Amino acid sequence: MYLFGKINVTPRLPERISGLSSLSENLWWSWNSYSLRLYEYIDPVLFNKVNKNPVKFLSEINQQKLLSASNDPEFLKEYDMVMENFQGYLNNKDTYYAKNFPSEKDAVIAYFSAEYGLDEILPIYAGGLGILSGDHCKSASDLGIPFVPVGLLYKDGYFNQEINRDGSETFEYTCANIEDLPILPVYDKDGNELIVPVEFPGRIIYLKAWKINVGRISLYLLDSDIDLNSQIDRQLTLKLYGGNQETRISQEIILDIGGMKLLELLNIHPTIYHMNEGHSSFVVLEVIKKFMKEKGVSFETAKKLASACTIFTTHTPVPAGNDIFPVDLMDKYFASYSNELGISRLDFLNMGARVDGSLNGGFDMAILALKIAGKKNGVSKLHGEVSRKLFGGVWPDTVTDEVPITYVTNGVHTCTWLAPNLKELYNAYMRPFWQEKAQDLEVWNDIDNIPDKALWDAHVAQKEKLIKMIRENIKAQKMRNDAPVEEINEVDKMLNPNALTIGFARRFATYKRADLIFKDIERITQILNDPARPVQIIFAGKPHPADVQGQELVKRIYEISNMPQFKGKVILLENYNMYVARYLVSGVDVWLNNPRRPLEASGTSGEKAGLNGVVNFSILDGWWYEGFNGQNGWAIGDDSEYANYELQDNADSISIYNILENQIIPEYYDRDTSGFSKKWLKKMKNSIKTVGGIYNTNRMLCDYLSELYIPQIRRTTSSYANVDDINAFVDWEKHIRENWNNVNIISSGSLDELSTNAGDSTKMTCKIYLGNLKPSDILLELYYGKFSDSSQLVESKYQPMTLKNELENNVYEYETELSIDNGGSYGYTFRALPTHPLLINKQDLSLVKWLEK
């Protein structure tokens, strides 16, 4: 055997085009794809070989080709234009945030997420949560938000999926070479690589800090795979969602506690903290500890301060979706934490106790964040409703609709997910710089300026690119599985570019019901095999490696795709990722989404599709529940609730078949001499305008700013800035809790039956005994609503009552005027809640006193 030495040869960029280096190290190029033409121009073969990775390209490019480009007038003209745009973007101070929130210019928003989907070359995402975080970062950059995201560097990333000949799956991990990626080490003030120490049971784990430049912002990542750590500890951050619960809690400690230490070492002092899902909930503990140390306050005061500066976003519609750690695991990793906070072990654990107050199920990360974060939100209107029901027990005696969990509907980053040829088309017919105003719905009406034929031709071009990608994917799969040569050659004829093409791509969880369209095999066989109106379906998706049912679902779709009547008409792609998703969301005609309602928190794949003119065909769940308007796609079923899954599956599958047969297929094939359906083009444009115009992350970030970020920034920098005021607030709460049981709304035992005319005012009065409390301590409200057929109050409302008289023995009389415009039978009662200027939500104390018999 020969022994070889190693020589690393680095090409030198000519000074004239030296900006290619800084451009390659900033993911601005990932949503300004025209900039990548610079690298492709220099050497198109190499650029495709390195999967369009500009960092790796510059490490391998031939020196002579760089010199040639630096003297090529045509290249230099393009280069100067790109660099002017790039530098102009980075240096622009006239951003949305700067113009709208000048008083908050010095604020810093820290954001913690377990995964980030920024580009297919970066293996630090698994699915929708990560894609959303990545898009969140990009829009934060576009809008000029002072945003500091924190995550983990998973060198092995998430798994690559290979589908075997029998439909089973192989899960492979590939270790990324960091030197080939736009990931840079972080240095301390002395020029040394920044290392963050985090205490673990019996040892310290050392974390190397990295950063990814995402436009104007930097994403910071922590990495345990360094020589300072043991082999076991080096593996903690290697794989995303890998290992057991011990690995999971370790990763979350690294993300949250390590992330907070990282910001401190970087001298970054966040004004507020946004925790994206329960993985980052330990952040609230660190924020409490930080306030206790810096301000010398008690745990209770620090907890109030932490509430004022934290936001928690939940993404799950089911209890099982939350991270829940066994108590013994919490004891192992947080043995000394309660002492550091100055509270008992039980009080510490109770912060993560489930809604019934029990720790039998373990320490719930979502509950921890919900109990402490001042602002909480779901990720769509319907998910907000589901979350208020799911977590309502955290606020006992609170009416479900008033549980303090709001919603901000998810969106997608427009320029990341809009196909390049469609972007050029939109640029030609929409107002200048429309991308900078993606959150403005009016801007999207310009889509009507695009000629139908131009939009259709652009869509057909995307469809042809999709078919080419699919054939490459399937051919690679068959070659690896040693398929016969004849079978491999048949792939080149697979799929009809003129056929109605349906796409279904998402995580293969059972509730997403990938096989629902095959509920009636005979009926779907007829639909897919009509020679006059051909239909084909493309599937893609990964189950979690531990999800056996999800893997069985993949196998079932694979087996169906190999049935004689479905060969070439039902396709299952392997290794669904951002690369595959780009082709699918811009190349199919219809985007199918049929989760089991209401288990889809939001979903964003349909938003990406709608942006590209692909028409949605979906269950009224997640974002589509509010996005469907009757003109921009089709709704499967309705919002009915079913007694069991079988009834629901039958009803929804029948709806799919009926709509396909009677609406979608006839409309798609209603073509005139132009070669396309004008009805279909109208639907495509409505989809682009309403989906692209509303469900983008620019709009989403504007909502976060107005509803969550700015209120918390202003709260923590003004009303919560004086520690003495917060101490007094804590004392007030203690006084309220000690005396609340004595509060009594006085009644004779029943409420009067009243009669009035619609629109007339009726004076409503109520008496309340306050004991040791004062009228300024309570908010007395009239609560009313219409009786349903089951004698339940619906459409409930409340209005505050005004103090009228102080009676004897701490009894007070209140009144208000009630006016109801619509006729019917209504119920009413009275309730009291504690009130204080520093309460973030009026339900925060979970104290409500209702009128009782």
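Residues numbered from 1 in each chain as written. Predicted model: local features only at pLDDT ≥ 70, side-chain atom pairs only at ≥ 80, totals over all residues. Heavy atoms only, no water.

Peer 1: Any chance you could explain the packing of aromatic side chains here in plain terms?
Peer 2: For any pair of aromatic rings, geometry is given as the distance between the ring centres together with the angle between the planes. For the coordinates displayed, the defined rule picks out 40 aromatic pairs. Geometrically, the ring pair formed by Phe 518 and Phe 539 is tilted, given 5.9 Å between the ring centres and 35 degrees between the ring planes. Residue Phe 518 is located in the loop between strand 15 (500-505) and helix 23 (521-528), and its partner Phe 539 is located in strand 16 (residues 535-540); the two are separated by 21 residues in the primary sequence. The residues Phe 518 and Phe 539 share a single accessibility class, namely buried. Ring plane angle 65 degrees and centroid distance 5.1 Å describe the contact between Trp 623 and Trp 624, whose orientation is recorded as edge-to-face. By relative accessible area, which is 0% here, Trp 624 ends up buried. By the ring-pair criterion, three or more aromatic residues cluster together here, those being Trp 456, Trp 634, Tyr 668, Tyr 669, Phe 676 and Trp 680. Above the face of the Tyr 798 ring, Arg 831 is positioned so that its terminal group lies 5.1 Å from the ring centre. (Phe/Tyr/Trp six-rings, centres within 6.5 Å; stacked < 30°, edge-to-face > 60°. Helix = DSSP H or I, 4+ residues; strand = E, 2+ residues; numbered from the N terminus. Buried < 20%, exposed > 50% of the residue type's maximum accessible area, 1.4 Å probe, protein only. Lys NZ or Arg CZ within 6 Å of the ring centre and 35° of its normal.)

Peer 1: Any chance you could explain the nonpolar core here in plain terms?
Peer 2: As a rule of thumb, soluble globular proteins bury nonpolar side chains together. Grouped together as the largest cluster of nonpolar side chains are 177 residues, with contacts concentrated most on Ile 212, Phe 282, Phe 334, Phe 348, Tyr 709 and Ile 768. It is helix 30 (residues 697-719) that provides the largest number of residues to this core, a total of 9 residues. Discounting chain neighbours no more than four positions away, the residues touching Ile 212 are Leu 27, Leu 118, Leu 122, Ile 124, Pro 182, Ile 183, Ile 217, Ser 218, Leu 219 and Leu 221. Among the nonpolar cores identified, the runner-up in size contains 87 residues, and Val 585, Phe 617, Leu 681 and Ile 688 belong to it. (Core = buried A, V, L, I, M, F, W, Y, C linked by side-chain atoms within 4.5 Å. Contact = heavy atoms within 4.5 Å.)

Peer 1: Would you take a moment to explain the packing of helix 13 (residues 299-308) against helix 31 (residues 723-739) for this structure?
Peer 2: The relative placement of two packed helices comes down to the angle between their axes together with the axis-to-axis distance. At their nearest, the axes of helix 13 and helix 31 sit 9 Å apart, and the two run at 110 degrees to each other. Classified by the interaxial angle, the pair formed by helix 13 and helix 31 is roughly perpendicular. For the pair helix 13 and helix 31, contact is made by Glu 300, Thr 301, Lys 304 and Leu 305 and by Ile 726, Asn 727, Phe 729, Val 730 and Glu 733, respectively. Residue composition of the contact of helix 13 with helix 31, by class: 4 nonpolar, 2 polar and 3 charged. (Axes fitted to C-alpha atoms, helices over the stretch in contact; angles between N-to-C directions. Parallel < 35°, antiparallel > 145°, perpendicular 65-115°, else oblique. Nonpolar A, V, L, I, M, F, W, Y, C, P; charged D, E, K, R; others polar.)

Peer 1: In this structure, what is going on with the sheet that holds strand 16? I would like to understand it.
Peer 2: Each strand in a sheet pairs with its neighbour through backbone hydrogen bonds, running either in the same direction (parallel) or in the opposite one (antiparallel). In spatial order, the strands read 17-16-15-18-19-20; together these 6 strands make up an open sheet with parallel pairing. Two strands in the sheet have a free side with no partner beyond their single neighbour: strand 17 (570-573) and strand 20 (633-636). Here the average twist between neighbouring strands, direction ignored, is 20 degrees. The sheet contact formed by strand 19 (residues 615-619) and strand 20 spans 4 bridges and is parallel. Within the sheet, the bridge partner assigned to Phe 617 lies in strand 20 and is Trp 634. Docked against the sheet, helix 21 (residues 452-480) engages strand 15, strand 16 and strand 17, running at close to 70 degrees with respect to strand 17. Sheet strands in contact with helix 28 (residues 645-668) are strand 15, strand 16, strand 18 (590-593), strand 19 and strand 20, and its direction is about 160 degrees off that of strand 20. (Pairing = 2+ DSSP bridges.)

Peer 1: Just to check I follow, could you spell out helix 17 (residues 365-372) for this structure?
Peer 2: It helps to recall that an α-helix has 3.6 residues per turn; residues three or four apart then point in one direction. Counting buried positions over the 8 residues of helix 17 gives 7, a clear majority of the element. Every buried residue of helix 17 is listed here: Met 365, Ala 366, Ile 367, Leu 368, Ala 369, Leu 370 and Ile 372. Its side-chain oxygen 2.9 Å from the backbone nitrogen of Ala 366, Asp 364 forms the N-cap of helix 17. (Polar contact = N/O pair within 3.5 Å; in protein donor to acceptor, adjacent residues only side chain to side chain.)

Peer 1: I keep staring at the pattern of salt bridges and nothing clicks. Help me out?
Peer 2: Inspection of every chain in the model, using the stated rule, returns 55 salt bridges. Note that Glu 340 and Lys 289 form a salt bridge whose closest N and O atoms lie 2.9 Å from each other. Of this pair, Glu 340 sits in helix 15 (residues 337-341) while Lys 289 sits in helix 12 (residues 282-295), and the two are 51 residues apart along the sequence. On the accessibility criterion, Glu 340 (41% relative accessible area) is partly exposed. With relative accessibility at 22%, the residue Lys 289 sits in the partly exposed group. A salt bridge links Lys 519 to Glu 646; the shortest N-O distance between them is 3.0 Å. Of this pair, Lys 519 sits in the loop between strand 15 and helix 23 while Glu 646 sits in helix 28; the two residues are 127 residues apart in sequence, bridging distant segments of the chain. What makes Lys 519 partly exposed here is its relative accessible area of 35%. The partly exposed category is assigned to Glu 646, whose relative accessible area is 44%. (Salt bridge = Lys/Arg side-chain N within 4 Å of Asp/Glu carboxyl O.)

On their own, these measurements won't tell you what the molecule is for.
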